[in-house]
Amino acid sequence: MNALTTLPTEQQMYQAIVQRDVRLEGVFVVAVKTTGIFCRPGCKAKTPKRENVEFFATAAEALAAGYRACRRCRPLELAGSVPAWLANLFALINAEPNRRWTNADLDSLGLSPSRVRRWFQAHYQMTFHAYVRTQRIGLAVDQLQAGSDVTSAAYENGYESLSGFRESLKRWLGTVPTAARQIEPILVQRILTPLGPMLAAGGEKGLCLLEFADRKMLAKQFQRINKLFAQPILIGKHAVLSETDRQIQQYFSGERTQFDLPLRLAGTPFQTAVWNQLLAIPYGETHSYQQLANRLGKPTASRAVGRTNGDNRFAIIVPCHRVIRSDGHLCGYAGGLWRKKWLLNWERENLLPAQQRQLKLPTV
Ligand SMILES: [Zn+2]
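Computed from a predicted model, the values in this text were never measured in an experiment.

## Here's the deal with the side chain of Ser168
The topology assignment puts Ser168 in helix H8 (residues 162-173). Within the local environment of Ser168, its side chain forms a polar contact with the side chain of Tyr159, the two groups lying 3.5 Å apart. Those residues in contact with Ser168 that lie beyond four places of it in its chain are Ile137, Tyr159 and Leu173.

## Concerning the coordination of the zinc ion
Coordination sphere of the zinc ion, protein contribution only: Cys39 (SG), Cys43 (SG), Cys70 (SG) and Cys73 (SG), at 2.2 to 2.4 Å. Its 4 donor atoms give the zinc ion angles of 105 to 124° at the centre, a pattern that matches the tetrahedral case. Judged by its relative accessible area of 10%, Cys39 is buried.

## Description of the UniProt feature "domain: HTH araC/xylS-type" (unreviewed entry) in the protein
As annotated in UniProt, the feature "domain: HTH araC/xylS-type" (unreviewed entry) corresponds to residues 107-183 in the numbering used here. Structurally, residues 107-183 comprises 65% helix and 0% strand, and the distance from its first C-alpha atom to its last is 36 Å.

## Description of the layout of surface pockets
By volume, the largest pocket is sized at about 690 Å³. Along its surface, the largest pocket is lined by 30 residues, and Val188, Gln189, Ile235, Gly236 and Lys237 are the ones closest to its centre. Residue assignment for the lining of the largest pocket shows that the elements contributing at least two residues are helix H3 (84-95), helix H6 (128-145), strand S5 (186-191), strand S8 (233-235) and helix H10 (239-252). When residues of the lining of the largest pocket are assigned to their parent elements, the largest contribution, 6 residues, is made by H6. For the lining of the largest pocket, the two domains that each supply at least three residues are domain 2 (84-181) and domain 3 (186-252).

## Remarks on the packing of H3 against helix H5 (residues 113-124)
For the pair H3 and H5, interaxial distance at closest approach is 12 Å and the crossing angle is 90°. Comparing their axes, H5 and H3 come out roughly perpendicular. Every residue of H5 that contacts H3 at Trp85, Leu86, Leu89 and Phe90 is listed here: Arg115, Val116, Trp119 and Phe120. Across the contact of H3 with H5, the residue classes tally to 7 nonpolar, no polar and 1 charged.

## Details of H10
End to end, H10 covers 20 Å across 14 residues, agreeing with the expected 20 Å (1.5 Å per residue, within 8%). Taken together, the buried positions of H10 are occupied by Val240, Leu241, Thr244, Gln247, Ile248, Gln250, Tyr251 and Phe252. The inward-facing, buried residues of H10 contact S5, strand S6 (198-203), strand S7 (206-212) and helix H14 (337-350). Just downstream of H10 lies Gly254, where phi reads positive at about 90°.

Conventions used here
- Residues numbered from 1 in each chain as written.
- Predicted model: local features only at pLDDT ≥ 70, side-chain atom pairs only at ≥ 80, totals over all residues.
- Heavy atoms only, no water.
- Helix = DSSP H or I, 4+ residues; strand = E, 2+ residues; numbered from the N terminus.
- Polar contact = N/O pair within 3.5 Å; in protein donor to acceptor, adjacent residues only side chain to side chain.
- Contact = heavy atoms within 4.5 Å.
- Donors = N, O, S within 2.8 Å, 3.2 Å for Na, K, Ca; no water.
- Tetrahedral: all angles 85-135°; square planar, octahedral: opposite > 155°, others 65-115°.
- Buried < 20%, exposed > 50% of the residue type's maximum accessible area, 1.4 Å probe, protein only.
- UniProt positions renumbered as here; feature names shortened; annotations may be inferred.
- 1 Å grid on protein atoms, 1.4 Å probe; cavity = no way out; pocket = protein on both sides within 12 Å on 5 of 7 lines; lining within 4 Å.
- Points joined across faces, edges and corners; volume = space filled by probe spheres on them.
- Domains from an automatic or database assignment.
- Axes fitted to C-alpha atoms, helices over the stretch in contact; angles between N-to-C directions.
- Parallel < 35°, antiparallel > 145°, perpendicular 65-115°, else oblique.
- Nonpolar A, V, L, I, M, F, W, Y, C, P; charged D, E, K, R; others polar.
- Expected span 1.5 Å × (residues − 1).

Dropping the structure here:
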């Protein structure tokens, strides 16, 4: 087993650098033999020729092989963190979270609105304007819940009129300002991992979702939890999300083999039973769909078990990556087969004494 088997294929990685695909940020770095420099997949420098590149899972490995970090894309900064070209915008959003933004504001910062939109779409599954708007609504709701009056909550969060504030709450939360005092939103936060950024969603009642941000159909999943729990989804922070982040980081540093988080596993009785069976598969082991079906007392239901496995909303935590076909094949994984391989290798190796491990610690 070598570390590269846990990466996307070389062809996929080369394709990503040709297309400057930021979604694979943090998944690998590309080193150029002719210049001795390594880059993030989305680097804006001239695309190197196929025969001159070498791929590494981590910046640490590229450094160990004698390469230097590119000064343009700065691959040593935390994987999936805000890229340099957006740093100023994020600093402004954080300094003034309740400000209203227009495309003209982005232009005046020298940012192309369509490029900004693409980045937010790839990393948050929503446009930049939706991001700042849901953040502003989140702050206004916080303020209302802390006892503030409607007028201050509106004007202090960038609304120019009370009617605009009402309309916005109606559209995003389906409610009026006074009722928003009782509303419990599901909040969304980004979590950075060595396998790329993830999105976590949750709130007072627990965690609702944890998925890799580049997963196909993630926007659909958000719509689904919005319907399932009948709660609005907003960008914001919550203790359950920071605790999820902490436990995920411990998982990736090898210190944690089990999660202790309040999960909202809501589903049909069959789905809930399957997910609970998944939770019982020990770290570092794999079970087959058939084994799960047998344990549920439904030996003919292995297909339905497979489908339910794919409907899992908690990547890594509810370990659907530990389920394989009876013949030992890995088969599908919503977050990408290479991630499934990586997770299985990582868990197996992590159980070995340190000197026998071949997979490098996924440091960034
Ligand atoms: Zn670069």
